[in-house]
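# A look at the structure
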Amino acid sequence: MNFIRHRYRTVPVVVGVPALAVVLITATGCSSADDSARAAVPDPGAKVTKLCQNLDKLLPSRVDGQDRRDPEPASALTAGWGDPAIILRCGVRRPAEMNDPEADGVEADGVGWLLQKQDDGSFRFTSTLRTAYVEVAIPKDRTGDGVAPLVDLALAVKKAIPEGIAD
């Protein structure tokens, strides 16, 4: 009876470690290319934080036809949709432009918004006459849709953020 013996060749550990390091560095380098949006997380007081957490639970899964893709770092005070992302931040500070009687504003489905055109062609809207300020940033690639994102967000804002003047 003939038995065939296979010999498995072992690679010395010294050769295996550098090769493994190259593989790990390459994999890490590829996966660290984070293409998700980033947004600064506001730091409001406890009352506003609670309102914003409630808003986060009511936000739609789609805005302006775009799926929800929250920005980094993860927070109940921020949300995002699409790429480039429409970014919502809840609990932001009152913009100085709200003191300007000539400031542009829009109304979308019962929610008032201060309109601020940015130098890069994007728009920033901040809710008015609500007990917490909600900011929605619309990138220049999506500004052709007008206030469609604000209409999609209006119901959640109306339910979670009561009318009134923010502290």
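About the criteria used
Residues numbered from 1 in each chain as written. Predicted model: local features only at pLDDT ≥ 70, side-chain atom pairs only at ≥ 80, totals over all residues. Heavy atoms only, no water. pLDDT = per-residue confidence, 0-100. Contact = heavy atoms within 4.5 Å. Helix = DSSP H or I, 4+ residues; strand = E, 2+ residues; numbered from the N terminus. Buried < 20%, exposed > 50% of the residue type's maximum accessible area, 1.4 Å probe, protein only. Expected span 1.5 Å × (residues − 1). Arc of directions from axis to C-beta.

## Some thoughts on the confidence of the model for the protein chain
Here the protein chain averages 84 in pLDDT, and 79% of its residues register 70 or above. Low pLDDT, under 50, characterises residues 3–33; the predicted model gives this stretch one contact beyond four residues in sequence or across chains.

## Considering unusual backbone geometry
A cis amide bond, omega -10°, links Glu-72 with the succeeding residue Pro-73. Position of Pro-73 relative to the elements: it lies in the loop between strand E2 (66–67) and strand E3 (78–81). Omega for the bond connecting Asp-83 with Pro-84 falls within 30 degrees of zero, at 5°, which places this linkage in the cis form. Despite not being glycine, Asp-64 has its phi angle at roughly 55°, a positive value. For Asp-64, a relative accessible area of 17% gives the class buried.

## So, helix H2 (residues 46–58)
Its 13 residues give H2 an end-to-end C-alpha distance of 19 Å, which sits within 8% of 18 Å, the value for a rise of 1.5 Å per residue. Taken as a whole, H2 has its buried residues at Leu-51, Cys-52, Leu-55 and Asp-56. Projected down its long axis, H2 shows its buried positions confined to an angular sector of 145°, all on one face. Set apart from the buried face of H2 by more than 90 degrees, the exposed residues are Ala-46, Lys-47 and Lys-57. Those residues of H2 that are buried are in contact with E3, strand E4 (86–90), strand E8 (134–138) and helix H3 (148–160).

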